[in-house]
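# Inside the fold
The primary structure of each chain is shown beneath.
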Amino acid sequence: MKQTQYVAREPDAHGFIDYPQQEHAVWNTLITRQLKVIEGRACQEYLDGIEQLKLPHDRIPQLGEINKVLGATTGWQVARVPALIPFQTFFELLASKRFPVATFIRTPEELDYLQEPDIFHEIFGHCPLLTNPWFAEFTHTYGKLGLAATKEERVYLARLYWMTIEFGLMDTPQGRKIYGGGILSSPKETVYSLSNEPEHQAFDPIEAMRTPYRIDILQPLYFVLPNLKRLFDLAHEDIMGMVHQGMQLGLHAPKFPPKVAA
């Protein structure tokens, strides 16, 4: 596993995490800015989730506040984790309807982008859609499949997750919208993903699993769902059969240059 400069904050005996004021200020900057950027770009299901979560603007929310809403809507919870966790832990959490949230927030120097998923990315990017039963069902199924998968199968499953939960788009009667948390927590990618610059492809799970990606660049390709229910339907299809098909067919050539070692 990679190293990170970030350290997750520990709760006190009552489960309360005390963040310094400058970290609350970072949260305020991020949420205030991003709520403006996603206007007219985020899908309605995500916006419904934002409304239900009623995230504070002036401070970082406590995990218990998020858990009340998720528990009441889909039975999910968030679980406090360190900055980076192994695949095994990630799948174990999702399989038990717990979404990992690292309890640290980015520094002002990394306001626009950081590679590690911080509390803003996890709570603002992903938790709103975990109030949606279709999205929640797919995420739960994904966790259970990942738990039983081999190391090789997990790599294909990881690409499916990346192209849907992290960087997915969908078509709606109001036009193309964003549902992927990796996009919704990034001001630059929110605007870029819906522009004419990247490639957009109709969602095909096997194609998504065969598509390489890099985590440190704007995505050159996005897969577009016909609607969010497609994820719920996919949860009831033979995803592992698709993984094996993808493995037989092999990877597509990457649509990006190789990363240059620093």
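Looking at an unreviewed UniProt entry, one finds the protein chain named Phenylalanine-4-hydroxylase and attributed to Pseudomonas urmiensis. As recorded by UniProt, the Cofactor (unreviewed entry) comment attached to the protein chain reads in full: "Fe(2+)". According to UniProt, the comment filed for the protein chain under the heading Catalytic activity (unreviewed entry) is "(6R)-L-erythro-5,6,7,8-tetrahydrobiopterin + L-phenylalanine + O2 = (4aS,6R)-4a-hydroxy-L-erythro-5,6,7,8-tetrahydrobiopterin + L-tyrosine".

All right, on to the overall build of the protein chain then. For the protein chain, the count of helices and strands is twelve helices and six strands. Expressed along its principal axes, the backbone C-alpha trace of the protein chain runs to roughly 50 × 45 × 40 Å. Evaluated residue by residue, the protein chain yields a buried proportion of 52% over its 262 residues. For the protein chain, contacts bridging at least 24 residues in sequence account for 67% of all contacts bridging at least 6. Summing over all exposed atoms, the protein chain offers an accessible surface of approximately 12,200 Å²; the carbon and sulfur share of this is 54%. Side-chain charges in the protein chain split into 25 positive and 31 negative, and the spacing between the mean points of these groups amounts to 1 Å.

Taken as a whole and judged by the stated rule, the model has zero disulfides. No disulfide involves C43; its sulfur sits 15 Å from that of C127, the nearest cysteine. Using a relative accessible area of 0% as the deciding quantity, one classes C43 as buried. Judged by relative accessible area, which is 0%, C127 ranks as buried.

Right, let's get into the side chain of H140. Note that H140 resides in helix α6 (residues 133-148). Within the structure, H140 has its side chain in polar contact with the backbone oxygen of A95 (distance 2.9 Å). Ignoring any residue separated from it by four or fewer positions in sequence, one finds H140 in contact with W76, L94, A95 and K97.

Attention now moves to the nonpolar core. By size, the foremost hydrophobic cluster in this structure holds 72 residues, and its most contacted members are Y46, I123 and Y179. Ranked by the residues each element gives to this core, the list is headed by helix α7 (residues 151-166), at eight residues. In terms of nonpolar packing, the next biggest core, distinct from the first, is built from eight residues, Y6, A79, A83 and L93 among them.

The rules behind the values
- Residues numbered from 1 in each chain as written.
- Predicted model: local features only at pLDDT ≥ 70, side-chain atom pairs only at ≥ 80, totals over all residues.
- Heavy atoms only, no water.
- UniProt positions renumbered as here; feature names shortened; annotations may be inferred.
- Helix = DSSP H or I, 4+ residues; strand = E, 2+ residues; numbered from the N terminus.
- Buried < 20%, exposed > 50% of the residue type's maximum accessible area, 1.4 Å probe, protein only.
- Contact = heavy atoms within 4.5 Å.
- Areas by Shrake-Rupley, 256 points an atom, 1.4 Å probe, with all protein chains shown as cover.
- Lys, Arg positive; Asp, Glu negative; His and termini not counted.
- Charge placed at Lys NZ, Arg CZ, Asp CG, Glu CD.
- Disulfide = S-S within 2.5 Å.
- Polar contact = N/O pair within 3.5 Å; in protein donor to acceptor, adjacent residues only side chain to side chain.
- Core = buried A, V, L, I, M, F, W, Y, C linked by side-chain atoms within 4.5 Å.

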